[in-house]
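# Understanding the architecture of this molecule
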Amino acid sequence: MATPTKPSDEDLVHAAQQGRQEAFNVLFERYLPLVHNRVRYVVPEQDAEDVTQEVFVAAIRSLRSFRGESLFSTWLRTLTNRQVADYYRRRKPSLGFADTNPRHEDFEEVTALVAENSDNSLEERVALRQALLKLPANYQEIILLRFVEGLQFNEIAQLQNQSLEATKSTFRRAISALQSQWENKNA
Amino acid sequence: MPDTYQPEAQSDRARDPLDDVLASFTDQVLASGKDPGAALSDLPELRALEDMVLRLQRNLPATPISPAVNRKMQAKLAAHWAAEGPRPTTISLKERLRNLLQPKPGWQSSAARQRTWILRTAAAAVVFILAAVFIFSPTLGGGLSGTAGLEGGTAPLLAILLVAGVLIAAVWWIRRQKP
């Protein structure tokens, strides 16, 4: 008996664009872990679920305008980044994304999480996220692609239309910039 | 000198061997999922970067999203889908069929305009030929001799008018049917 093949993203997107909700549900199941992990890495834990949901709501709203010129995963990644940026804009309306310094909220988050988990690494996670958010967008992106999405360097190179060498070089500069942010914060 | 053109030659010149070392270290850490302590570099600069890679790996979100949260999100998304999602395409298909069946005005299509012009020209030519046949044929009561007065020429004239009327009606009907 032949095993059923998984429908491609393109087929599912096309069906969803024709109004078939079950096709969108399959896409949701397929990409939820990826979107959620990405959001959790850059947004406080207590808000990650809401932001993740906003990503998929935005996908529903803009599904008709998706022309298939890029991969669905790339399009969804862009939506995720936009929702994360919107999240920080809402939190600090007077400040830009890069200037965000959510000390008070992070203190609340750490307090809440420590009360639940009593895990000493939580403070490190919050500090790491703060440092990551201060990096330029392309540095954040390469770190998230490698660590959160688990893409190999050659896959990242292909995705970003770069050579493998350029990708590895960007990665090292990104880690170096993160290291500097980390040292500044903990100095 | 290489045989083929290499677009990456310039970036290769600026290439730092540490890029490869750090990338390999990261691959190793992410593949094993643990701290490869012995593999850390002796170079202070690289060592600091490797520490940062380990820190990133330690803080990866480990727990998957719970089934309860998944269900809750799906329920909320279903509501959004009903309100804002793409509609099934039956309405637009109906509209498309209606558009296909509706006759289009001549200005909408140059092909239709050309077809109408050909039909008009053909009709005019037929009328002209029939008129010529009636006028010049002696058997049909025409002929140029003895044309003074209308006694012998009334029937052909009526025939010509009848044929012309039928042709005009036919052209008008064809235009309505095939825009």
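Cut-off values and rules
Residues numbered from 1 in each chain as written. Chains lettered and ligands numbered in written order. Predicted model: local features only at pLDDT ≥ 70, side-chain atom pairs only at ≥ 80, totals over all residues. Heavy atoms only, no water. Patch = residues over 30% accessible without salt bridge, like charges linked within 9 Å, V, L, I, M, F, W, Y side chains within 5 Å. Areas by Shrake-Rupley, 256 points an atom, 1.4 Å probe, with all protein chains shown as cover. Salt bridge = Lys/Arg side-chain N within 4 Å of Asp/Glu carboxyl O. Helix = DSSP H or I, 4+ residues; strand = E, 2+ residues; numbered from the N terminus. Contact = heavy atoms within 4.5 Å. Buried area = accessible area lost by both parts, 1.4 Å probe. Polar contact = N/O pair within 3.5 Å; in protein donor to acceptor, adjacent residues only side chain to side chain. Core = buried A, V, L, I, M, F, W, Y, C linked by side-chain atoms within 4.5 Å. Buried < 20%, exposed > 50% of the residue type's maximum accessible area, 1.4 Å probe, protein only. Domains from an automatic or database assignment. Phe/Tyr/Trp six-rings, centres within 6.5 Å; stacked < 30°, edge-to-face > 60°. Axes fitted to C-alpha atoms, helices over the stretch in contact; angles between N-to-C directions. Parallel < 35°, antiparallel > 145°, perpendicular 65-115°, else oblique. Nonpolar A, V, L, I, M, F, W, Y, C, P; charged D, E, K, R; others polar. pLDDT = per-residue confidence, 0-100.

### As for a nonpolar patch on the surface
Nonpolar side chains collect at one region of the surface, where Phe 128, Ile 129 and Val 133 of chain B lie side by side and expose about 320 Å² of accessible area between them. You can see Val 133 of chain B is positioned in helix α6 (residues 110-136).

### A short note on the interface of chain B and chain A
Each partner contributes to the interface: chain B provides 43 residues, whereas chain A provides 45 residues. Ranking the residues of chain B by area buried against chain A places Leu 56, Asn 59 and Trp 81 of chain B at the top, with a combined share of 17%. Taken together, the links from chain B to chain A amount to nine salt bridges. The salt bridge partner of Asp 19 of chain B is Arg 172 of chain A, with a shortest N-O separation of 2.5 Å. In this assembly, chain B and chain A are joined by 13 residue pairs in polar contact (both at pLDDT 80 or more).

### Notes on the nonpolar core
The biggest cluster of nonpolar side chains holds 71 residues, and the ones touching the most others in it are Phe 56, Leu 76, Ile 143, Ile 175 and Leu 178 of chain A. No other element matches helix α2 (residues 21-42) of chain A, which puts ten residues into this core. Here this core spans two domains, and each of domain 1 (8-103) and domain 2 (104-187) of chain A adds at least three residues to it. Not counting the four nearest positions on each side in its chain, Leu 178 of chain A is found in contact with Leu 128, Ala 131, Leu 132, Leu 135 and Ile 143 of chain A together with Met 52 and Leu 56 of chain B.

### Here we look at the side chain of Glu 149 of chain A
Residues and elements named next belong to chain A. Structurally, Glu 149 can be placed in the loop between α7 (137-148) and α8 (153-159). Since its relative accessible area comes to 13%, Glu 149 is described here as buried. At 2.9 Å, the side chain of Glu 149 forms a polar contact with the side chain of Arg 38. In this view, Glu 149 contacts Leu 34, Arg 38, Arg 77 and Leu 144; residues no more than four positions away in its chain are not counted.

### So, the packing of aromatic side chains
When we look at a pair of aromatic rings, we describe it by the centre distance and by the angle of the planes. All names here are of chain A. In total, this model carries nine aromatic pairs over all chains according to the counting rule given. Ring geometry for Phe 28 versus Phe 56: centroids 4.8 Å apart, planes at 75 degrees, classification edge-to-face. Residue Phe 28 is located in helix α2, and its partner Phe 56 is located in helix α3 (residues 45-62); the two are separated by 28 residues in the primary sequence. Judged on exposure class, the residue Phe 28 and its partner Phe 56 are both buried. Between the aromatic rings of Tyr 31 and Phe 72, the centroid separation amounts to 5.4 Å while the plane-to-plane angle is 65 degrees, which identifies the pairing as edge-to-face. Taken as a pair, Tyr 31 in helix α2 and Phe 72 in helix α4 (residues 72-91) lie far apart in primary sequence, 41 residues in all. The same class applies to Tyr 31 as to Phe 72, namely buried. Put simply, the rings of Tyr 31, Phe 66, Phe 72 and Trp 75 pair up and form one aromatic cluster.

### Here we look at the packing of helix α9 (residues 164-186) of chain A against helix α3 (residues 44-58) of chain B
Where α9 of chain A contacts α3 of chain B, the axes come no closer than 9 Å and their chain directions differ by 85 degrees. Between α9 of chain A and α3 of chain B, the angle is such that the two are roughly perpendicular. Residue-level contacts link Arg 172, Ile 175, Ser 176, Leu 178, Gln 179 and Trp 182 of chain A of α9 of chain A to Glu 45, Ala 48, Leu 49, Met 52, Val 53, Arg 55 and Leu 56 of chain B of α3 of chain B. Looking at the contact of α9 of chain A with α3 of chain B, its residues break down into eight nonpolar, two polar and three charged.

### With respect to the pattern of salt bridges
Pairing between side chains of opposite charge can happen when their charged atoms approach one another. This model, assessed by the stated rule, comprises 18 salt bridges over all chains. Measuring nitrogen to oxygen at the nearest pair gives 2.6 Å for the salt bridge that ties Asp 86 of chain A to Arg 89 of chain A. Placement of both Asp 86 of chain A and Arg 89 of chain A in helix α4 is noted, with a separation of three residues, approximately one turn of the helix. The exposure class of Arg 89 of chain A is partly exposed, given its relative accessible area of 45%. In this structure, Arg 55 of chain B and Glu 124 of chain A form a salt bridge, with 3.4 Å as the shortest nitrogen-oxygen distance. Taken as a pair, Arg 55 of chain B in helix α3 and Glu 124 of chain A in helix α6 (residues 121-133) lie in two separate chains rather than in one. Both residues of the pair, Arg 55 of chain B and Glu 124 of chain A, belong to the buried class.

### Some points on the environment of Gln 160 of chain A
All names here are of chain A. When you line up the elements, Gln 160 lands in the loop between α8 and α9. Its relative accessible area of 30% is what places Gln 160 among the partly exposed residues. Remark: the alpha-carbon pair of Gln 160 and Ile 142, spanning 18 residues in sequence, is separated by 9.4 Å.

### Comments concerning the side chain of Arg 172 of chain A
Checked against the element boundaries, Arg 172 of chain A lands in helix α9. By relative accessible area, Arg 172 of chain A is classed as buried at 14%. A distance of 2.9 Å separates polar atoms of two side chains, one belonging to Arg 172 of chain A and the other to Asp 16 of chain B. Residues in contact with Arg 172 of chain A, not counting those within four places in the same chain, are Asp 16, Leu 18, Asp 19, Leu 22, Glu 45 and Leu 49 of chain B.

### Brief notes about the confidence of the model for chain B
Residue and element names in this part refer to chain B. Summary statistics for chain B give a mean pLDDT of 71 and a share of 56% for residues scoring 70 or more. For the stretch residues 1-13, pLDDT sits under 50, and the model shows three contacts to residues farther than four places along the chain or on other chains. Both scores are given for the predicted complex: the pTM is 0.62, the ipTM 0.78.

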